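Geometric and topological summary
This is what each chain is made of:
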Amino acid sequence: MPWDKTARDKYKRVDNDMQYDVTDEEWEVIKTFLPTQGSMGRPRKTGLREVFNAIQSMLATGCQWRAIPSCYPPFSTVQNYFYNGSQSGVLTALMNDLRTQARRLADRSEEPRAAIIDSQSVKTTESGGPRGYDAGQKIKGRKRHIMTDTTGSPLAIVIHPADVQDRDGAVDLILQVVASSPAITKIWADGGYRGPKLASKLHELAIRPDLSIVLKPKDGKGFQVL
């Protein structure tokens, strides 16, 4: 969906800690994917909407769990819901459904037929989790490997140490996307995925999508859309 004046006016948020809260219309879509209260155990005291808003705030600002604004539930509660939703597949199902709805609104087929793959290395703290040194970007931390459809909506995300080269980390990501989106026949990638190593691995695994490398122009300077 284009971020035009109509969209800006509709989705404009107030400039405070609650600016990342979902609207009533958005919540009606999201809540159908979240777990309902079971018949066993104590009644739920924390509202799932407040939990989801807290997760939205943390992801938008990049803050630590403990730094979630006090207007939301305790960070430990939010953290538990987030990890449970990640491990159970709830958040993945939500992502996939929202992508389908966005494609439908853009008058595209619900199942994407082409994708774009890229990665980004980000610096991390020294405590906890795998990390490595990306010599090209001169960053010590992790690499988020992402594949999207041609509208920019995510298809799959893989996190690994930053010292894993793009052509090595791409295999698991492509396997995930092929399993969840079998209609894809074309994948665009930059020069970091060039070479026989990745191509031969995809051929060995009988992965069908055609990997097309798009190189940056030799006389190009600065950021360019490939």
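Structure's up top.
Residues numbered from 1 in each chain as written. Predicted model: local features only at pLDDT ≥ 70, side-chain atom pairs only at ≥ 80, totals over all residues. Heavy atoms only, no water.

1. Some remarks on the overall build of the chain
The secondary structure content of the chain amounts to 7 helices and 6 strands. Counting from the amino terminus, helix and strand elements in the chain follow one another as α-α-α-α-α-β-β-β-β-α-β-α-β. The proportion of buried residues among the 226 residues of the chain is 29%. In the chain, the share of contacts with a sequence separation of at least 24, taken over all contacts with a separation of at least 6, comes to 53%. Carbon and sulfur atoms provide 53% of the accessible area of the chain, an area that totals close to 14800 Å². (Helix = DSSP H or I, 4+ residues; strand = E, 2+ residues; numbered from the N terminus. Buried < 20%, exposed > 50% of the residue type's maximum accessible area, 1.4 Å probe, protein only. Contact = heavy atoms within 4.5 Å. Areas by Shrake-Rupley, 256 points an atom, 1.4 Å probe, with all protein chains shown as cover.)

2. Quick notes on helix α4 (residues 75-88)
In a regular helix each residue adds 1.5 Å, so 14 residues correspond to 20 Å; α4 covers 20 Å between its end C-alpha atoms and thus fits that length. Burial in α4 covers these residues: Val-78, Gln-79, Phe-82 and Gly-85. When α4 is viewed along its axis, its buried side chains cluster within an angular range of 135 degrees and face the same direction. In this structure, α4 carries Gln-87 and Ser-88 as exposed residues pointing more than 90 degrees from its buried face. Remark: Gly-89 follows α4 within two positions and exhibits a positive phi of approximately 90 degrees. (Expected span 1.5 Å × (residues − 1). Arc of directions from axis to C-beta.)

3. Focus: the nonpolar core
One recurring pattern in soluble globular proteins is that nonpolar side chains are buried together. Of all hydrophobic cores here, the largest spans 18 residues; its most connected members are Ile-117, Met-147, Ile-174 and Ile-187. The set of elements that each furnish at least two residues to this core consists of β1 (114-123), β4 (154-161), α6 (166-180), β5 (186-189) and α7 (196-204). For this core, the element with the most residues is α6, which contributes 5 residues. Among residues more than four places away in sequence, those in contact with Ile-174 are Ile-117, Met-147, Ile-187, Leu-202 and Ile-207. Membership of the second largest hydrophobic core comes to 9 residues, among which are Val-51, Ala-54, Trp-65 and Val-78. (Core = buried A, V, L, I, M, F, W, Y, C linked by side-chain atoms within 4.5 Å.)

4. Considering helix α3 (residues 48-61)
Given a rise of 1.5 Å per residue, 14 residues ought to cover 20 Å, and the 20 Å separating the end C-alpha atoms of α3 matches this to within 8%. Looking at the buried residues of α3, the elements they touch are α2 (24-30), α4 and α5 (90-105).

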